Amino acid sequence: MACFILNFLSLIDIGAMSISLFNWAAIFLYLAASLYHGINLWRSQAIRPVVFNSLGMLGLLAHLSGLMPQLLTEQGLLLSFSHAASLIAVAVMLLTLIGSWLMPIRVLLAPLFALSALLVLSTIALPQGTVQLINEEPGILCHILLSVLAYGMITIAVLQSLVLLIQEQQLRKRPVSKLIKHFPPLQSMEKLLFAFLWAGWILLSLSLASGWMFLEDIFAQHLAHKTSLAVMAWMVFAVLLWGRHQLGWRGHTAIRWTLAGFCLLMLAYFGSKLVREFILNI
């Protein structure tokens, strides 16, 4: 389904002006949703999910409409540093918006909207470094999409772990902050964290497996550091999930392992792209 959407969007001829309009519309809608959420929390007023999620979904559609023509070119898939970050933001936002209708994670959406607005702005304002075009063979494209979804899901897990950490610290204070009243119970937040981690780990496993299948040499010189760090991150998350199941790991232990795996995973992708696109070309 994802491959079909990308192929369909690649056929749409959108000029530079239209792309810019879509990007600015996405920034405006994301910030409007974030401000709406923040103002209502500050005033202790109820948030209307339909209004809040509609603003976010419209922002996501504008974001995707502006991003896809920049990624899909006649020569291949163009993934610069800022465009890759923006694509991961799309995956994170889509998964979180869908999950917000099923689980108590709406509190995560306001900062995600603001962050997504900044990432869209980065694709407009930041200069692009030297970028390697990616051949759009179906297997490689699916590997990239699985990687993006894995990073997105694990990013949600990290944000969830940070919210959980803040919630634990605030509950120890007296008097308890009014903001905490809007948070779900700690036990629900912790279950949600591990649901995200399981989903992210499974997607990361599929991403690594597809890399072995479709890439000629997954440990080639330009991929060796990325692959090694991704495998190390996979192992960290595997140990964390085993520790949760066998030893009942939770709280600060779970948060530390989650952050460690996330750092390795982000270094695997963004670190290598940052070095290749900018530092080596100074």
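A few points on the structure. Keep in mind that what you see is a predicted model, and the values were worked out from it rather than measured. (Residues numbered from 1 in each chain as written. Predicted model: local features only at pLDDT ≥ 70, side-chain atom pairs only at ≥ 80, totals over all residues. Heavy atoms only, no water.)

**Topic: the overall build of the chain**
Part 1 of the argument: Helix and strand counts for the chain come out as nine helices and two strands.
Part 2 of the argument: Moving toward the C terminus, one meets the helices and strands of the chain in the order α-α-α-β-α-α-β-α-α-α-α.
Part 3 of the argument: Across the 282 residues that make up the chain, the buried fraction comes to 46%.
Part 4 of the argument: Counted over contacts in the chain with a minimum sequence separation of 6, partners at least 24 positions apart contribute 76%.
Part 5 of the argument: Taken as a whole, the chain presents about 14800 Å² of accessible surface, with 70% of it coming from carbon and sulfur. (Helix = DSSP H or I, 4+ residues; strand = E, 2+ residues; numbered from the N terminus. Buried < 20%, exposed > 50% of the residue type's maximum accessible area, 1.4 Å probe, protein only. Contact = heavy atoms within 4.5 Å. Areas by Shrake-Rupley, 256 points an atom, 1.4 Å probe, with all protein chains shown as cover.)

**Brief notes about the nonpolar core**
Part 1 of the argument: Membership of the largest hydrophobic core comes to 68 residues, with the highest contact counts inside it found for Y30, L79, F113, L197 and L265.
Part 2 of the argument: Secondary-structure elements contributing two or more residues to this core are α2 (16-42), α3 (49-71), α4 (81-100), α5 (109-125), α6 (138-172), α7 (186-214), α8 (224-247) and α9 (251-277).
Part 3 of the argument: Considering every element that reaches this core, the biggest residue donor is α6, with 14 residues. (Core = buried A, V, L, I, M, F, W, Y, C linked by side-chain atoms within 4.5 Å.)

**What about a nonpolar patch on the surface?**
Part 1 of the argument: Judged by side-chain polarity, V50, M57, L58, L61, L94, I98, W101 and L102 come together as a nonpolar surface patch covering roughly 820 Å² of accessible area.
Part 2 of the argument: Breaking the nonpolar patch down by element, the ones donating at least two residues are α3 and α4.
Part 3 of the argument: It is α3 that contributes the most residues to the nonpolar patch, four residues altogether.
Part 4 of the argument: Take I98: it is sitting in helix α4.
Part 5 of the argument: Here I98 falls in the partly exposed class, since its relative accessible area comes to 47%. (Patch = residues over 30% accessible without salt bridge, like charges linked within 9 Å, V, L, I, M, F, W, Y side chains within 5 Å. Salt bridge = Lys/Arg side-chain N within 4 Å of Asp/Glu carboxyl O.)

**A closer look at the packing of aromatic side chains**
Part 1 of the argument: Under the definition given, this model contains six aromatic pairs.
Part 2 of the argument: Ring geometry for Y30 versus F113: centroids 5.9 Å apart, planes at 20°, classification stacked. Taken together, the residues span a long stretch of sequence, with Y30 in helix α2 and F113 in helix α5 at a distance of 83 residues.
Part 3 of the argument: A ring pair is formed by W201 and W234, whose centres lie 5.4 Å apart and whose planes are at 25°; its orientation type is stacked. Here W201 is found in helix α7, whereas its partner W234 is found in helix α8, with 33 residues between them in sequence.
Part 4 of the argument: Taking the relative accessible area as the measure of exposure, W201 reaches 18% and is therefore buried.
Part 5 of the argument: An aromatic cluster is defined as three or more aromatic residues linked by ring pairs; in this entry it consists of Y30, Y36, F52 and F113.
Part 6 of the argument: In this arrangement the basic side chain of R244 is found over the ring face of F194, its NZ or CZ atom lying 4.3 Å from the centre. (Phe/Tyr/Trp six-rings, centres within 6.5 Å; stacked < 30°, edge-to-face > 60°. Lys NZ or Arg CZ within 6 Å of the ring centre and 35° of its normal.)

**Some words on the pattern of salt bridges**
Part 1 of the argument: Scanning the entire structure with this criterion turns up two salt bridges.
Part 2 of the argument: Between R244 and E190 there is a salt bridge, with the nearest N and O atoms lying 3.4 Å from each other. Of the two residues, R244 is situated in helix α8 and E190 in helix α7; the sequence distance between them amounts to 54 residues.
Part 3 of the argument: Residue E190 is classed as buried on the basis of its relative accessible area, which comes to 6%.
Part 4 of the argument: R250 serves as the salt-bridge partner of E190, at 3.3 Å between the closest nitrogen and oxygen. One end of the pair, E190, is in helix α7; the other, R250, is in the loop between α8 and α9, with 60 residues separating them in the sequence.

**Comments concerning the environment of A150**
Part 1 of the argument: Structurally, the position occupied by A150 is in helix α6.
Part 2 of the argument: Those residues in contact with A150 that lie beyond four places of it in its chain are G200, L203 and L204.

**With respect to the environment of F52**
Part 1 of the argument: Considering the arrangement of structural elements, one finds F52 in helix α3.
Part 2 of the argument: Along the backbone, F52 and Y36 are 16 residues apart, and their C-alpha atoms lie at a distance of 7.2 Å.
Part 3 of the argument: With residues up to four places along the chain from it excluded, the contact list for F52 reads A33, Y36, H37, I47, R106, L109, A110 and F113.

**Looking at the environment of L208**
Part 1 of the argument: Here L208 lies in helix α7.
Part 2 of the argument: Between the C-alpha atoms of L208 and S147, which are 61 residues apart in sequence, the distance is 8.1 Å.

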